[in-house]
Structures are given as C-alpha cells and as structure tokens.
Amino acid sequence: MKIPIRSFDIFFGTGGVGKTTLATARAIQLANEGQRVLLMTIDPAKRLKDILGLGDDCAGEIKTISELPEIGKIKTPFDALLMSPPKTIERMGQAAGVKELSQNRIVEVLARPNGGMNEILSLIELQSRLESGKYDCVVLDTPPGPHFLDFLDGLEKIKSFFDQRFVEIFTSLGRRAMEQPHKGLMSGLIDKVVGAGVNKLLSYLQKVTGEKFVEDFLAALEVIYRSRSSFVSGLAMEKKLCDPLQANWFLVTSVEQGKFNEAKEIQLAAAKKQRKEMFLLLNKALIHQLESWNPEAGSKAAKLKESLVIKEKNLRDITKTHFTGLFDFPEIMASSPTQHVKELALQWSHHANSN
Amino acid sequence: MGFTPKRLYIFTGKGGVGKTTLSLAFTQWLREQNLSATYLTLSQQALSDERASYPTQSLNEWGNIPHIHLELEECAEGYISKKLGSSMLSKWIVKTAFFRALVNMLPGFGYVISVGKVLDMLNEDPQLIIVLDAPASGHALAMLEATSNFREIFQAGLVFDDTEKMLKRLYDEKHTGVRILTLPTSLSMQEAVELKTSVQKLAPLDTKIFLNHSLESWTTELSDAPVAMKEKLSLELEVIEEFKNDLSASIPYSASSSAKEIYQDIKSSLEKFV
C-alpha cells in the first residue's frame, strides 16, 4: 500500500510516541520529493527546535529550512512553524482590526502556552496559513492534549461558544459598544443585557466573582466577539480535515506505549465525523528482531521476550479491524535526534513509494 | 513508618508511560503502610461528554483500591451551590449553554474547580492522602498553573479569596508532590526535565522524575538477545548516565501481565515515590 499525497497530513496520538519526530521526517520526505511543505508543530520539546535550528524567539514565526545538519540540503526548502498562542492572538486581532484583543487581560492569560486555548488557536492559525496559497501540503503535529481527539473537538468548541445565545449577548454588547465608544463601556451593562436567563446568570456570577471580574469578562467577550471572524474562520477547516481526499490521518503509537483503547476511541470519533480512512504508524517496532531470539524455555529471558512480543502483536491485531493500513517504523538505534529524523525520513520514502 | 507522606501526589507524564499502573500501585503501597490513601481521577472532558478517561478496566484488576472519580459538572455545581447558598440555582447555572460554553472554551476554569474540590476533600479529612492520576504532561502543568492564572483574572471577590487559599496549600512543598514519569529515551527524559523546570518555576514543589519500564535490571537476561535489543539497553544505560542527577529512581520493566504480579515485581521501588 502506498501513502497518498494530500493537502494535509495530520498526526494524532498521545505524547511521547514519536509523533513530532515522525511528522518532521514526513515533512522532509515530502519536501525532498518537490512538494511545497509547511510543517506546523505544537510540541514544546527543545530538541526539535535544535534539529530544525530554531531558537526560542522563533515561536510563532515562519522559518524556512533549506538545509539541516546530518541530513543535508532539502530539495524544496520547507517552512516550519512552532505554534505560539499569544502570537496567534496578536495576528487575529490585527486581521480583525481589534488590537485590544491581545491587550485584554483575560485573553492574555488564557493565551499563555498552558492557558488551555492551544487546540482552538492552532486551527485558526492553520486556516490563516492556508489562505496564503503557498503550500501543497501541510504537515500538522496536533497539540499534546489530555486526549488526542481534543484537537478535533476544538472545532466543536468554537461552534458552541458562538452559538445562538451567545450571539444574542454579543450583539447587544456590540451595539452598546458602538453607542458609547469612549465611556466606561461595560458599566451597568449587565442589567441591560437581554436574552432569557443571561442577565440573571451574570448577576449571580457577579455575586461570586466580584464586579471587577464581570466587567473584565464582558470586555474580553466583547473583543473576542469583535474578532469573531478570525475565530469562525477556523471552522472552515473541519470539512477539509475530515475529507479523505484532502487529508491523511495518521494515528501514531509506539510499541512501548501501545494503547489499544486509543485505537478504538479514535475509530469511534472518526465515525462521528464520517471518516473511515486512517493509517496507523507503529513506531519503534521490534518484533522482527525479537523473532531471532531463542532464550531457553521457562527462563526469565523467555518471559521477557514473550511479554515484548505479545505487546507488539496485540497492537498489530487491532489494525486489522480499525485501520486502512499499518506502517512500521523500526526502533532507530541512534542517540542523535537528527539521525533519528534522517532515518525516519528514509523510511517514509520507502512507505510512500513502494507497493 | 520512617517518613512523612505528602497529602497530595500528582502523577504525570506523557501518555502510555504507565501513570495509571504506577499511581494505582503507589496507592496500594501506601495502604499497606496503614495510610488512608485514595486513587483519584478527574474528568476534564466537556460536560456531558460521554468520553471519559476513567480507567475502569485497570481498577477492576486492582480490586480493592478506593478510588474517586471527579466529574467537572458535579464539582462546579457543588462549588457554586456553596457560594450562592442554593443548590437549585447552582443546578440551573451549570446546565446553561453559557456555562458549558465557558468551561469548554476555558479548560483552565474547569481545572480550578476540580483542584478546589480535591483540596476541600483533603481539608475535610486530615488523614486522607490523594494519589492523583493526572492528565498528560502539558496539561498537568496547565492544571497547576490554572489556579494562579485565575487568581490573576479575578483580582478580588469570593473566588479570588478561594484561589488564594488554594494556592497556599497547593503550592506548599510539604503538601503536594509532583511525580513525573518518563521512558528511558533521551527525548522523553529531556521533556521530563523541562516539565520539572516549569513546575518549579511555578512553585517550589517537591518534584521528582522516575524512569519507568527500565530494562536495566534485565541486563543478564539480555546478554544473548538480538543486537537490536542489546543496543536498546545500552542506549538506555547512556540515558540513565546522562541524566543521573535528574533521576530519582528507575522502576523496572515488568514482564507480567496481571496487576497483582506487576505489583510484586515493582513493589520494592514504590517507597521512592514518597
């Protein structure tokens, strides 16, 4: 089976399975085959920055990679982007002409790297990068969520946030803001907000949190609402990312961290999105090496071998029912991360071009 | 008992490093020391989401370990109800679309609510020790950070006072221990060290790194193994050497499959989590 070239390659999987390394290797392979590639990664690991020669100051900025140590010249230089939520917020504010967005205290706190808006913001960032039309293929390393599917749920969250009731509040806030652009924008506003239950809710909120918070909170809602075009633009991604002709989905799991439930859960979630095609990338496969090992029956060594083999076999079995295809990436015996990426890129090329 | 246990142990690390197994094993071990320890998981998934990360299967295998699963909606309802003095109002508030959207959009808010509940439970029962099977690395940090983020957001009022109180206890090194689990690879270790640095930037918490699934104790058995396995072992030994100052202990790889056997295999290492 060949791996098709699509506009998006999305890498899912819990952290630590080699997702970022595999995604980087894939970007290099595609770039070496002449594709114009954007590699977007959210992984905070410093070593990846080292591989790509990126400094901390590069977060949130496009960096073009034309050559890498140990790997050499890249045929078509590719762009790499390390997500930086505050930078995304800043750009969104500029695009929507709402410069207060990045200055709002609440928005600023939430856009911190661990503030919790990573998934949503990376979808928005992705959409805005695509609009530039500069890329044939975007390789996307999804953020390490408590759950790997949180990334897709980001879309649902945007939708529910901007649902009908919210729009009512926002519209009323917006009108208010137009009428009194310079006065204490939000003072006394709570009483005037229409919409069943909303003003009651806000007044309870005020009782618990204090008036200052409610004011700040309304101000945050107001700037978010005025920038809603940027938020809602992220929604356009859902259709593209779920279309098998536009996006490859790769679930990455490593033999040491094999999680059977993960495979089952993603199947369920994919079904909800009407998505059937998905590849499993099995990283750090050892089984072929283990087969040549014949420890004495009943020994401790035999028990060790058996447990390692069973782990890997179980993982392979689930792919028969849940996945379109399985691709092996052997355990790379090298301590240098650049060497890892180099060998994994060769493996990608093998998978992509052999039948 | 030659040690003073902490009240709250937060087990974290990337998915698949063995958080659930080790936090359950540690809870069991604490109980064998006659301590009143409880295993606890949090559901931070959107309210009313059917996907729970609750490890039912593992819990069944471990048998009689007391466990608590906190649902965000219940914690939120309890908190608001206490503040407003009305459970009816509180029930209504957490069901509103507004509140759900708010919690969905701001996961940190949910963390504050659940962490608050955990601290309340510890406060109510002075004997209780909680072993928290926390979300993956980045998010454990988000969880620890959330309370101070929201303290900054609120600035004044009832919630602000509560977050102040929470921080005092949560960020006390005698109260809270963070146990970071990692695998024997350079990248995984590097990330654990980064997580530890970030946690300590936040507060001077007692933060320790443990290497799980270590093949080190299998060195003899691996002497006639295929080259690839031997190389894996020697890479691991290099990693252990490189990070020896950061590592608190290694937990040996267990070739067993049942919870009881795994517990016996790793039992002697569990004291190091204290």
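Here the structure is shown first, and the text comes after it.
Read on for an overview of the structure. (Residues numbered from 1 in each chain as written. Chains lettered and ligands numbered in written order. Predicted model: local features only at pLDDT ≥ 70, side-chain atom pairs only at ≥ 80, totals over all residues. Heavy atoms only, no water.)

Things to note about the packing of helix H3 (residues 85–96) of chain A against helix H5 (residues 118–130) of chain A
Residues and elements named next belong to chain A. Two elements in contact, H3 and H5, have axes whose closest approach is 10 Å; the angle formed by their N-to-C orientations is 55 degrees. Accordingly, the angle class assigned to the pair H3 and H5 is oblique. Judged by the sense of rotation from one axis to the other, the crossing of H3 with H5 is left-handed. Two secondary-structure elements touch here, H3 through Pro 85, Thr 88, Ile 89, Arg 91 and Met 92 and H5 through Asn 118, Leu 121, Ile 124, Glu 125 and Arg 129. Residues belonging to the contact of H3 with H5 are distributed by class as follows: five nonpolar, two polar and three charged. (Axes fitted to C-alpha atoms, helices over the stretch in contact; angles between N-to-C directions. Helix = DSSP H or I, 4+ residues; strand = E, 2+ residues; numbered from the N terminus. Parallel < 35°, antiparallel > 145°, perpendicular 65-115°, else oblique. Left-handed = near helix turned anticlockwise from the far one by under 90°. Contact = heavy atoms within 4.5 Å. Nonpolar A, V, L, I, M, F, W, Y, C, P; charged D, E, K, R; others polar.)

Some details on the environment of Leu 282 of chain A
Residue and element names in this part refer to chain A. Along the chain, the position of Leu 282 falls in strand E7 (residues 279–285). Since its relative accessible area comes to 0%, Leu 282 is described here as buried. Spatially, the C-alpha atoms of Leu 282 and Leu 326 are 7.1 Å apart, while their sequence positions differ by 44 residues. Once you skip the residues sitting within four places of it in the chain, Leu 282 turns out to touch Thr 253, Val 255, Leu 315, Arg 316, Leu 326, Phe 327, Asp 328 and Phe 329. (Buried < 20%, exposed > 50% of the residue type's maximum accessible area, 1.4 Å probe, protein only.)

Some remarks on the sheet that holds strand E1 (residues 8–12) of chain B
Residue and element names in this part refer to chain B. On the basis of which strands lie adjacent, the open sheet formed by seven strands has the order E3-E2-E4-E1-E5-E6-E7 and parallel pairing. Of all the strands in the sheet, the pair left with one neighbour each is strand E3 (67–71) and strand E7 (247–252). Averaged over all pairs of adjacent strands, the angle between their axes in this sheet comes to 25 degrees, without regard to strand direction. Here five bridges tie E1 to strand E5 (residues 176–182), and the two strands are oriented parallel to one another. If you follow Thr 12 over to E5, its bridge partner there is Ile 180. Helix H3 (residues 72–84) contacts strand E2 (36–43) and E3 of the sheet and is inclined by roughly 75 degrees relative to E3. Sheet contacts for helix H10 (residues 227–242): strand E6 (206–214) and E7; angle to E6, the most-contacted strand, approximately 165 degrees. (Pairing = 2+ DSSP bridges.)

Focus: the sheet that holds strand E2 (residues 37–41) of chain A
Residues and elements named next belong to chain A. Pairing is mixed across the open sheet formed by eight strands, whose spatial order is E3-E4-E2-E5-E1-E6-E7-E8. Every interior strand has two partners, whereas the edge strands, strand E3 (62–68) and strand E8 (325–330), have only one. Averaged over neighbouring strand pairs, the angle between their axes works out to 25 degrees when direction is ignored. Where E3 and strand E4 (residues 72–82) come together, six bridges link them in antiparallel fashion. What sits directly across from Thr 64, in E4, is Asp 79. Here helix H1 (residues 19–32) sits on the sheet in contact with strand E1 (8–12), E2, E3, E4, strand E5 (137–141), strand E6 (247–254), E7 and E8, set at roughly 135 degrees to E4. The sheet contacts of H5 involve E1, E2, E3, E4 and E5, and relative to E2 the element is tilted by about 165 degrees.

A short note on H1 of chain A
All names here are of chain A. If you check H1, its first and last C-alpha atoms are 20 Å apart, about what 14 residues at 1.5 Å a residue would give, namely 20 Å. For H1, the buried fraction is high: 13 of the 14 residues fall into the buried class. In the stretch just after H1, Gly 34 is the one whose phi turns positive, near 95 degrees. (Expected span 1.5 Å × (residues − 1).)

Description of the pairing of E6 of chain A
All names here are of chain A. Among the eight residues of E6, eight are classified as buried, and the element is accordingly described as predominantly covered. Direction of pairing for E1 relative to E6: parallel, over a ladder of five bridges. The residue of E6 that forms the bridge with Asp 9 is Asn 248. In this sheet, E7 lies alongside E6 in parallel orientation, the contact comprising five bridges. Within E7, the residue paired with Thr 253 across the bridge is Leu 282.

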